[in-house]
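Secondary and tertiary structure notes
For reference, the chains in residue letters:
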Amino acid sequence: MKIALSEAQKAISESEMPVGAVVVKDGEVIATGHNIRNEKHDPTLHAEIVAIRKACEKLCDWRLSDCDLYVTLEPCVMCSGAIINSRMRSVYFGAYDAEYGGAGGRIDLFSKSYFGSNTQVYGGIMEDECTSMLKNFFASLREGKKN
């Protein structure tokens, strides 16, 4: 999760929402990503999607069943769908997202009743650090709008 937080910091430096993601296989980081949707003018380029695409390219396979994802914010519905479709083994996320979360915050796409997903989900990993980064980012945006 510390690497995911580092990726989120990169997003801040690029004026992106601070979300970072890391794909791990056999204890080794195989891909990282952070939000780049503003930079690339592409609403699908969330941190998770960027990291998943890199991991698939590195492994030459769309199946990531032996991989784990660490992400600073609960995946949205789009990202949850990509995680499920890539057959990811598990997801560890930091901050919960009651508004857009697809892993239990708003809706739980990982529930067996939806897609029969085998992905295990663990939330609240380094939650304070992840939540703080997001709160500070949005506070600075609001402050900038006041000036």
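Quick look at the structure, then. These numbers were taken from a predicted model, which means no experiment stands behind them.

With that out of the way, let us pick up unusual backbone geometry. Positioned with a positive phi, His41 is a non-glycine residue whose angle comes to about 55°. Relative to the helices and strands, His41 is located in the loop between helix 2 (37–40) and helix 3 (47–59). Given the relative accessible area of 72%, His41 is considered exposed. Positive phi is not limited to glycine here, since Arg87 has a value of about 65°. With respect to the helices, strands and loops of the structure, Arg87 is situated in the loop between helix 4 (77–85) and strand 4 (90–95).

The contact between helix 3 and helix 4 brings their axes to 9 Å, and the two run at 20°. Considered as vectors, helix 3 and helix 4 are oriented roughly parallel to each other. When you trace helix 3 past helix 4, the crossing you get is left-handed. Listed contacts from helix 4 to Glu48, Ile49 and Ile52 of helix 3 are Met78, Cys79, Ala82 and Ile83.

With that settled, consider the side chain of His34. Position of His34 relative to the elements: it lies in strand 2 (residues 28–34). Residue classification places His34 among the buried residues on the basis of a relative accessible area of 12%. Polar contacts involving the side chain of His34 include one to the side chain of Glu7, which spans 2.8 Å. In this structure, His34 is in contact with Glu7, Lys10, Ala11, Glu14, Val19, Gly20, Leu45, Ala47 and Val50, ignoring residues within four places of it in sequence.

With that settled, consider the pairing of strand 1 (residues 20–25). Burial within strand 1 is extensive, with five of its six residues counted as buried. Sheet analysis places strand 1 next to strand 2, joined by six bridges and oriented antiparallel. When the sheet's bridge partners are listed, Val24 is paired in strand 2 with Val29. Hairpin connection, strand 1 to strand 2: the antiparallel pair is bridged by two residues, and Asp26 has positive phi, about 50°. As paired strands, strand 1 and strand 3 (residues 67–73) are joined by five bridges and run antiparallel to one another. For Ala21, the partnering residue across the bridge sits in strand 3 and is Val71.

Conventions and cut-offs
Residues numbered from 1 in each chain as written. Predicted model: local features only at pLDDT ≥ 70, side-chain atom pairs only at ≥ 80, totals over all residues. Heavy atoms only, no water. Helix = DSSP H or I, 4+ residues; strand = E, 2+ residues; numbered from the N terminus. Buried < 20%, exposed > 50% of the residue type's maximum accessible area, 1.4 Å probe, protein only. Axes fitted to C-alpha atoms, helices over the stretch in contact; angles between N-to-C directions. Parallel < 35°, antiparallel > 145°, perpendicular 65-115°, else oblique. Left-handed = near helix turned anticlockwise from the far one by under 90°. Contact = heavy atoms within 4.5 Å. Polar contact = N/O pair within 3.5 Å; in protein donor to acceptor, adjacent residues only side chain to side chain. Pairing = 2+ DSSP bridges.

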